[in-house]
Amino acid sequence: MLCGAICKCQFRSDRSSRVGACRANMQQIPIRAWLESQWRVTHSLIQSYLPQKSWHRNLSTTCTRCSKSRRLGHKRDLSEKKLTRYFVDHRRVYVVGGKGGDGISCFHSEPRKIYGGPDGGDGGDGGDIILKVDKQVRSLASLLSLYRGVNGVNGGSKNCYGAAGKTIYVKVPIGTVVKEDCTIVADLNHHGEEYVAAYGGAGGKGNRFFLANDNRAPTTATKGEPGQEKILHLELKTMAHAGMVGFPNAGKSSLLRAISNAKPAVASYPFTTLNPHVGIVHYENYEQVAVADVPGIIKGAHRNRGLGLAFLRHIERCRFLLFVLDLSVSEPWTQLQDLKYELEQYEEGLSKRPHAIIGNKFDLPQSKSNLSLLKERVGQKVIPLSALTGENLEELFLHLKELYDEYVKTEEAQNHAPVKW
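Worth saying up front: this structure is predicted, and the values here are computed from it rather than measured. (Residues numbered from 1 in each chain as written. Predicted model: local features only at pLDDT ≥ 70, side-chain atom pairs only at ≥ 80, totals over all residues. Heavy atoms only, no water.)

## Quick notes on the overall build of the protein chain
Counting secondary structure elements, the protein chain contains seven helices and 14 strands. Looking at the protein chain as a whole, 38% of its 421 residues qualify as buried. Taking the intrachain contacts of the protein chain between residues at least 6 apart in sequence as the baseline, contacts between residues at least 24 apart amount to 72%. Accessible surface for the protein chain amounts to roughly 26200 Å². Of this, 53% is attributable to carbon and sulfur atoms. (Helix = DSSP H or I, 4+ residues; strand = E, 2+ residues; numbered from the N terminus. Buried < 20%, exposed > 50% of the residue type's maximum accessible area, 1.4 Å probe, protein only. Contact = heavy atoms within 4.5 Å. Areas by Shrake-Rupley, 256 points an atom, 1.4 Å probe, with all protein chains shown as cover.)

## What about the side chain of Ser260?
The residue Ser260 is located in the loop between α4 (252–259) and β10 (277–282) in this model. With relative accessibility at 8%, the residue Ser260 sits in the buried group. When sequence neighbours within four positions are dropped, the list of residues in contact with Ser260 reads Gly279 and Ile280.

## Some words on the packing of α4 against helix α7 (residues 393–413)
Axis separation between α4 and α7 bottoms out at 11 Å; the angle between their running directions is 80 degrees. Relative to α7, the element α4 lies roughly perpendicular. Every residue of α7 that contacts α4 at Leu255, Ala258 and Ile259 is listed here: Leu393, Leu396 and Phe397. Residues belonging to the contact of α4 with α7 are distributed by class as follows: six nonpolar, no polar and no charged. (Axes fitted to C-alpha atoms, helices over the stretch in contact; angles between N-to-C directions. Parallel < 35°, antiparallel > 145°, perpendicular 65-115°, else oblique. Nonpolar A, V, L, I, M, F, W, Y, C, P; charged D, E, K, R; others polar.)

## Re the sheet that holds strand β14 (residues 382–384)
Adjacent strands of a sheet pair through backbone hydrogen bonds, lying either parallel or antiparallel. Pairing is mixed in the open sheet, where six strands are placed in the order β10-β11-β9-β12-β13-β14. Edge strands, defined here as strands with exactly one partner in the open sheet, are β10 and β14. Adjacent strand axes in the sheet meet at a mean angle of 30 degrees, parallel and antiparallel pairs treated alike. Pairing geometry for strand β9 (residues 242–246) and strand β12 (residues 320–326), over five bridges, is parallel. Paired with Ala242 across the bridge in β12 is Phe320. Contacts between α4 and the sheet are confined to β9, β10, β11 (288–293), β12 and β13 (355–360), with β9 contributing the most and set at about 145 degrees to the helix. In the packing of α7 onto the sheet, contacts are made with β9, β10, β11, β12, β13 and β14, and the angle to β12 comes to roughly 155 degrees. (Pairing = 2+ DSSP bridges.)

## Re helix α6 (residues 365–378)
Its 14 residues place the ends of α6 21 Å apart at the C-alpha level, agreeing with the 20 Å of an ideal helix rising 1.5 Å per residue. The inward-facing, buried residues of α6 contact β12, α5 (333–346) and β14. Note on α6: the residue one or two positions beyond its end, Gly379, has a positive phi of about 80 degrees. (Expected span 1.5 Å × (residues − 1).)

## A closer look at the environment of Leu396
Note on placement: Leu396 falls in helix α7. Using a relative accessible area of 2% as the deciding quantity, one classes Leu396 as buried. In the structure, Leu396 is positioned 137 residues away from Ile259 in sequence and 9.1 Å away in space, judged by C-alpha atoms. When sequence neighbours within four positions are dropped, the list of residues in contact with Leu396 reads Leu255, Ile259, Ile358, Ile383 and Leu385.

## Description of the pattern of salt bridges
Counting across every chain of the model gives eight salt bridges. Two residues, Arg317 and Asp187, come together in a salt bridge whose shortest N-O distance is 2.6 Å. You can see Arg317 sitting in the loop between β11 and β12 and its partner Asp187 sitting in strand β6 (residues 183–188), a full 130 residues away along the chain. Of the residues examined, Arg317 reaches a relative accessible area of 13% and is grouped as buried. You can call Asp187 partly exposed: its relative accessible area is 35%. For Glu395, the salt bridge goes to Lys381, with nearest N and O atoms at 3.7 Å. (Salt bridge = Lys/Arg side-chain N within 4 Å of Asp/Glu carboxyl O.)

## Concerning the sheet that holds strand β8 (residues 229–236)
Spatially, five strands are ordered β3-β1-β8-β5-β6 in an open sheet, and the strand pairing comes out mixed. Two strands in the sheet have a free side with no partner beyond their single neighbour: β3 (146–148) and β6. Averaged over all pairs of adjacent strands, the angle between strand axes in this sheet comes to 25 degrees, irrespective of strand direction. Both strand β1 (residues 90–96) and β8 contribute to a ladder of seven bridges, which runs antiparallel. From the neighbouring strand, Tyr94 faces β8, where its bridge partner is Ile231.

## Brief notes about the packing of aromatic side chains
Applying the stated criterion across every chain yields a total of two aromatic pairs. Positioned over the ring face of Tyr169 is Lys132, at 5.7 Å from the centre of the ring. Between the NZ or CZ atom of Lys401 and the centre of the ring of Tyr283, over which it lies, the distance is 5.9 Å. (Phe/Tyr/Trp six-rings, centres within 6.5 Å; stacked < 30°, edge-to-face > 60°. Lys NZ or Arg CZ within 6 Å of the ring centre and 35° of its normal.)

## A few points about the side chain of Gln335
Topologically, Gln335 is positioned in helix α5. In this structure Gln335 touches Phe247, Leu325, Asp326 and Val329, once residues within four positions along its chain are discounted.

## Focus: the environment of Ile315
By the secondary structure assignment, Ile315 is in the loop between β11 and β12. Given the relative accessible area of 0%, Ile315 is considered buried. Those residues in contact with Ile315 that sit more than four places away from it in its chain are Gly243, Val245, Val294, Leu321, Leu343, Leu350 and Arg353.

In structure tokens:
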């Protein structure tokens, strides 16, 4: 009895404590609501006095006069070491066409129609991989080492054909040569030109395809064929009108900076240029002449000395050449002889193309005496100039335009479209 009384008292005490806690919570609820309402009012007042932030970016925060006088941001010139990471003229690409979708074997099912017949659809064809020339692309650096086509969708019932795989377009620059097993299979020289690198596989046939008079209930269905697999070697041959050829430190990069907006790296040590650069020379009537600068050539380059002759593929398609000689060295005519010999070792007849001889560094005192000796030994016109000071650059512009006009007339006489930038 004593234990029962104690338990009842304990139960009553617990119940009373719970009731008291509930009453306390009921009293705290209106207080919390009042505090939240006061906080909202205070927060709205604070936000009204603070400046409002706009999520839309203004085009200009200054007046019209100041905005017009503002200069454009100047791009920092990239060094030749950094440019090597962006310019790629050779790439090995593995392409695989998409697999075709499988056909399906099924029969038509409908109430009160027992013998509906076969209605299995065909699978879709696999997607192709196409190389497409884009004039905005200047290098093969954006290409991947593997391209795999999109597979076709399998066929469905009720004679539903599977969707074909989407075609993948790979953008390549103008002048890309495609080789397969050391054989040239495509030479892409015009904007928008296409070459199918790998065809997708054909889709499989459903059992509806095999329906015949002697076989009214075929159960045969074929699978989709795999796509083509190829290993392609892509090489870039720069499409330019003129190609500058010279020894290291002859001033080719400085000259290209002087006549165009190109910004190749310039330094006092040899082999500053490791990759070809193309600059555009602008004339009236919107005529543009593209000039390519290639790395320097030394004597014995055909024996893989220096940088070798592999980069000369960028001037294979140049219509005329510019031999840049250093007038400050003794016997500058020997440079011209060595350059022509190395060009003949790379490709026969390359040195016999229309060309101009440029004597650079004419601002140095020893160059003036070497100029007369060079004209006697060469026996043709020599254009003396200084890429550093800009002396006599007008004569180079005029002669370059003459070579370009002669090239255009020759192409039009042969009913060929001249390359224009």
